[in-house]
Amino acid sequence: MSKNLWFTRSLAVLSAVLLLFYTALCIRYPRRYRDTVARISAEYSVPPPLVHAVIFAESGYNPNAVSPKGAVGLMQLMPQTARFCALKINVAFHEEKLTDPHYNLQLGVFYLSYLLEKFNSEADAIAAYNAGEGNVRSWIDRGLTEIPFKETRAYVNKVLSAQKIYRHFRL
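Described below are features of the structure shown in this document. (Residues numbered from 1 in each chain as written. Predicted model: local features only at pLDDT ≥ 70, side-chain atom pairs only at ≥ 80, totals over all residues. Heavy atoms only, no water.)

## Points about a nonpolar patch on the surface
A cluster of nonpolar side chains, contributed by W6, F7, L11, L14 and L18, occupies part of the molecular surface with about 540 Å² of accessible area. Along the chain, L14 falls in helix α1 (residues 3-28). Its relative accessible area of 46% is what places L14 among the partly exposed residues. (Patch = residues over 30% accessible without salt bridge, like charges linked within 9 Å, V, L, I, M, F, W, Y side chains within 5 Å. Areas by Shrake-Rupley, 256 points an atom, 1.4 Å probe, with all protein chains shown as cover. Salt bridge = Lys/Arg side-chain N within 4 Å of Asp/Glu carboxyl O. Helix = DSSP H or I, 4+ residues; strand = E, 2+ residues; numbered from the N terminus. Buried < 20%, exposed > 50% of the residue type's maximum accessible area, 1.4 Å probe, protein only.)

## Considering the side chain of Q76
Counting through the fold element by element, Q76 comes out in the loop between α3 (48-58) and α4 (79-88). Given the relative accessible area of 10%, Q76 is considered buried. Within the local environment of Q76, its side chain forms a polar contact with the backbone oxygen of G73, the two atoms lying 2.8 Å apart. Contact partners of Q76, with chain neighbours within four places excluded, come to E58, S59, A65, V66, S67, A71 and N104. (Polar contact = N/O pair within 3.5 Å; in protein donor to acceptor, adjacent residues only side chain to side chain. Contact = heavy atoms within 4.5 Å.)

## Looking at unusual backbone geometry
If you check the backbone angles, Y33 has positive phi at about 60 degrees while not being a glycine. Even without a glycine there, the phi angle at S45 is positive, about 55 degrees. For S45, the position within the fold is in the loop between α2 (34-44) and α3. Assessed through its relative accessible area of 64%, S45 is described here as exposed.

## Quick notes on the layout of surface pockets
Taken as a whole, the largest pocket holds about 540 Å³ of empty space. Lining the largest pocket are 22 residues, and of these A71, Q76, M78, Y129 and N130 lie nearest its centre. Elements with a minimum of two residues in the lining of the largest pocket: α3, α4, α6 (122-131) and α8 (150-169). If one sorts the elements of the lining of the largest pocket by residue count, α6 sits on top with four residues. Residues of the lining of the largest pocket, tallied by class, amount to twelve nonpolar, seven polar and three charged. (1 Å grid on protein atoms, 1.4 Å probe; cavity = no way out; pocket = protein on both sides within 12 Å on 5 of 7 lines; lining within 4 Å. Points joined across faces, edges and corners; volume = space filled by probe spheres on them. Nonpolar A, V, L, I, M, F, W, Y, C, P; charged D, E, K, R; others polar.)

## Quick notes on the packing of aromatic side chains
According to the stated counting rule, one finds nine aromatic pairs in the structure shown. Consider the rings of F84 and Y114, whose centres lie 5.2 Å apart with planes at 70 degrees: the pair is edge-to-face. One end of the pair, F84, is in helix α4; the other, Y114, is in helix α5 (residues 101-118), and 30 residues separate them in sequence. Among the residues examined, F84 registers a relative accessible area of 29% and is labelled partly exposed. Judged by its relative accessible area of 16%, Y114 is buried. In this structure an aromatic cluster arises from ring pairing among Y44, F84, F110, Y111, Y114 and Y129. (Phe/Tyr/Trp six-rings, centres within 6.5 Å; stacked < 30°, edge-to-face > 60°.)

## Here's the deal with the nonpolar core
One finds V51, M75, L107 and Y129 to be the most contacted residues of the largest nonpolar core, which totals 49 residues. Among the elements of the structure, α2, α3, α4, α5, α6, α7 (133-141) and α8 are those that each provide at least two residues to this core. The element contributing the most residues to this core is α5, with nine residues. (Core = buried A, V, L, I, M, F, W, Y, C linked by side-chain atoms within 4.5 Å.)

Pasting the structure below:
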């Protein structure tokens, strides 16, 4: 086999492998609601890759998701948290609208921005999104260097890992 033919075939195989890899990433890490996320993220100064990572970890992009604890929608907002957010941004609160992607994103991204302002690190804000602001504040005040809740530790790792993928691959 000539060098040119070998090179051409190798390049074709490499291209196919890269295309499969990219396709697998797009399937595993979707970016549904891209325009809405971009617009609302800009409004609240939250990086879109972080928002996508939270949606990925919280609901897997299912707008109708409801957790066993009662969190609802794409960003899995507890109704009382959603009510707080609606009040803060002067939007009428409608619990039945929490499955509406735009409404849920508006409240959820605001809440994420609120937590990012409250905490010195992105990881602490993400932990607070999962475990609650009071729990994280308590851990910080006690000088804990590791998140004591196994579920929250795993959640923070999942969000940060997904954020890297969303940021670097621009899916």
